[in-house]
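Structural overview
For reference, the chains in residue letters:
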Amino acid sequence: MGKIYIGNEWLSAKSGKEIDCIDPASEEVFARIPAGSAEEIDQAVAAARAAFSGPWRETTGRERAVILRAIAEGIRQNREALAALETRDNGKPLPESFIDVDTIAQIFDMYAGMAEELDARGEEVLEVPGDAMRTTVAYRPIGVIGMITPWNFPLEQFTWKVAPALAAGCCAVVKPSEFTSLSSLEIARIIGAAGLPAGVLNVVTGTGAEAGEALVRHPGVDKISFTGSTITGRHIMKTAAEDLKRVSLELGGKNPVIVFDDVDIEPAVEWVAFGAFVNQGQVCTATSRLLIHEPIAGRFLARLAEVVKAIRIGPGDAEGVKMGPLVSKAQYDKVMGYIEAGKAEGASVLCGGGRAEGFDVGYFVAPTIFVDVTPDMSIWTDEIFGPVLSVMRFEDEAEAVRLANDTPYGLAATVLSADRDRAERVADALEAGITWQNCNNMVVIQAPWGGVKKSGMGRELGRWGLESFLEPKQKTRWLPGGSLDWYQTPVQTAE
């Protein structure tokens, strides 16, 4: 903890500069991490390139799977410590941190199996005209991957990228968020202990403006995998284009949840509250736009307000807490600014609307619901990334779909309805990479994760996550005795 990880060694930043790690519940500095810069990025990329040029590139999927499973076991052995560290650094409730730890162990196990499947797959034989050629497709690791991960799910986002990259045979340089780097460094320690060769994984802490920018611009990086805001993703794409780097982007969302009048109100309310306020609303797929069917709007919103007001707020390690603080002072100020903007624009506060009561320190925001919202309000159009839910009513299915799709984003969407045909029909009509029917914000690690429109490009998780780090390579061989007769046959035309 508190060091940069390059070539299986723990280093300080040569500048000597450090970044404070602040407990968002108490606002206390409890650790410091090195502020890496272009110099450390150069060193990390060199280590990754040396490792990729060495034996790692030639390992079999089975050999990589052994290491991946050892990593999963190391995570399980360190479950308590990892969860406690994640909660202190990020602020999320401890039960949610335990879920994250358990999930990342499952992900490393999953990709261990997929690495073995790469051996079994071998080269794909293609059907080609004639008998003169044999054409196959081989799948090779892309190379050195620059990974920039966000602060809302530090453990998970690290794993979503690193596990499939290692399974594919790639090497990685990870730049975690400067707000939540500690669990990424701890995972690096576990990975090193699992026997990963030096240089295959490197973790450089630092700011996005220095370390992140240097990583994106580095000519020794073959691909950038980024999760974060759409604004930053746009900049990364433009920068990477200068060197024609491959890019995967999982970006922002302003995700709708549509509730029809045939739902069972009690579970529907629970799903809506979960989708809006889990992880303090700091979720790219948070369903922060509620579209409620007019016939049940009054009853539904009254019950929703009761449930939301009862959410227990406090430090993430306190017993029974369901919602912790926001991750940082900057995020707290941003969310509070949007709440004030919603009031100024004419929306009405159904509940919340400010700092959580009873907390003089810490970045605690009361879960907030706005009603009387119009489509032009910033609380409806902008990704707030905090515990703010905006509500509009609709009259019929067509209006619900139109309002849901009226956004530049297209990450996720939810439909709640007792009519299975309608739920399926509406889900198909929604412009989103991920849809849920009669549930909300469920992560299926075997399924593709990513968005459309300005929510990014590429997919993570499942086999799609593995494929994103593989390059298909055509291999065509001329066969003895082959003839070009089939190719030289004149084209027949009608008289």
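**Topic: the packing of helix α4 (residues 94–121) against helix α5 (residues 154–168)**
- The N-to-C vectors of α4 and α5 enclose an angle of 15°; their axes lie 9 Å apart at closest approach. Classified by the angle between their axes, α4 and α5 sit roughly parallel to one another. Note that α4 runs across α5; the crossing there is right-handed. In this structure, α4 contributes Asp100, Val101, Thr103, Ile104, Ile107, Phe108, Tyr111, Ala115 and Leu118 to the contact, and α5 contributes Leu155, Glu156, Thr159, Trp160, Ala163, Pro164, Ala167 and Ala168.

**A word on helix α7 (residues 208–217)**
- Looking at α7, one finds that the buried residues are Ala211, Gly212, Glu213, Ala214, Leu215 and Val216.
- Those residues of α7 that are buried are in contact with α1 (38–53), β7 (144–148), β8 (171–175), β10 (223–227) and α8 (230–241).

**Points about the packing of aromatic side chains**
- By the definition in use, this model includes eight aromatic pairs.
- Geometrically, the ring pair formed by Trp151 and Phe385 is edge-to-face, given 5.3 Å between the ring centres and 85° between the ring planes. Of the two residues, Trp151 sits in the loop between β7 and α5 while Phe385 sits in the loop between α12 (378–381) and β16 (388–394), which places them 234 residues apart along the sequence. The residues Trp151 and Phe385 share a single accessibility class, namely buried.
- Judged by centre distance (4.2 Å) and plane angle (25°), the rings of Phe359 and Phe364 are stacked.
- Among the aromatic side chains, those forming a connected cluster through ring pairs are Trp160, Trp436 and Trp449.

**Notes on the sheet that holds β16**
- Taken together, seven strands build an open sheet; the order of strands is β14-β15-β16-β13-β12-β18-β19 and the sheet is mixed. A strand with exactly one partner marks an edge of an open sheet, and here the two such strands are β14 (348–351) and β19 (434–437). Between one strand axis and the next, the sheet turns by 25° as a mean value, whatever way the strands run.
- The strands touched by helix α11 (residues 329–344) are β14, β15 (368–371) and β16; relative to β15, the strand with the most contacts, the crossing angle is about 25°.
- Seen against the sheet, helix α14 (residues 420–429) touches β12 (256–259), β13 (289–293), β18 (412–416) and β19 and runs at an angle of roughly 165° to β19.

**What about the nonpolar core?**
- With 96 residues, the main nonpolar core has Ile71, Ile75, Ile191 and Leu201 as its most contacted residues.
- Broken down by element, this core gets its largest block of residues, twelve residues, from α4.
- If we ignore the near neighbours within four places in the chain, the residues touching Ile75 are Leu82, Val101, Ile104, Ala105, Phe108, Ile187 and Ile190.
- Ranked by size, the runner-up nonpolar core spans 33 residues in total, among them Ala273, Ala297, Val308 and Ile311.

**Re the pattern of salt bridges**
- Within this structure, the stated rule accounts for 27 salt bridges.
- A salt bridge links Asp102 to Arg79; its shortest N-O distance comes to 2.7 Å. Linking Asp102 in helix α4 with Arg79 in helix α3 (residues 79–90), this pair joins segments that are 23 residues apart in sequence.
- Arg303 serves as the salt-bridge partner of Glu306, at 2.9 Å between the closest nitrogen and oxygen. With Glu306 and Arg303 both in helix α10 (residues 297–309) and three residues apart, this pair spans about one turn of that helix.
- Here Glu306 falls in the partly exposed class, since its relative accessible area comes to 47%.
- Arg303 gets classed as partly exposed once you look at its relative accessible area, which sits at 28%.
- A cluster of three or more residues bridged by salt bridges with shared partners is formed by Glu123, Arg140 and Lys475.

The rules we used
- Residues numbered from 1 in each chain as written.
- Predicted model: local features only at pLDDT ≥ 70, side-chain atom pairs only at ≥ 80, totals over all residues.
- Heavy atoms only, no water.
- Axes fitted to C-alpha atoms, helices over the stretch in contact; angles between N-to-C directions.
- Helix = DSSP H or I, 4+ residues; strand = E, 2+ residues; numbered from the N terminus.
- Parallel < 35°, antiparallel > 145°, perpendicular 65-115°, else oblique.
- Left-handed = near helix turned anticlockwise from the far one by under 90°.
- Contact = heavy atoms within 4.5 Å.
- Buried < 20%, exposed > 50% of the residue type's maximum accessible area, 1.4 Å probe, protein only.
- Phe/Tyr/Trp six-rings, centres within 6.5 Å; stacked < 30°, edge-to-face > 60°.
- Pairing = 2+ DSSP bridges.
- Core = buried A, V, L, I, M, F, W, Y, C linked by side-chain atoms within 4.5 Å.
- Salt bridge = Lys/Arg side-chain N within 4 Å of Asp/Glu carboxyl O.

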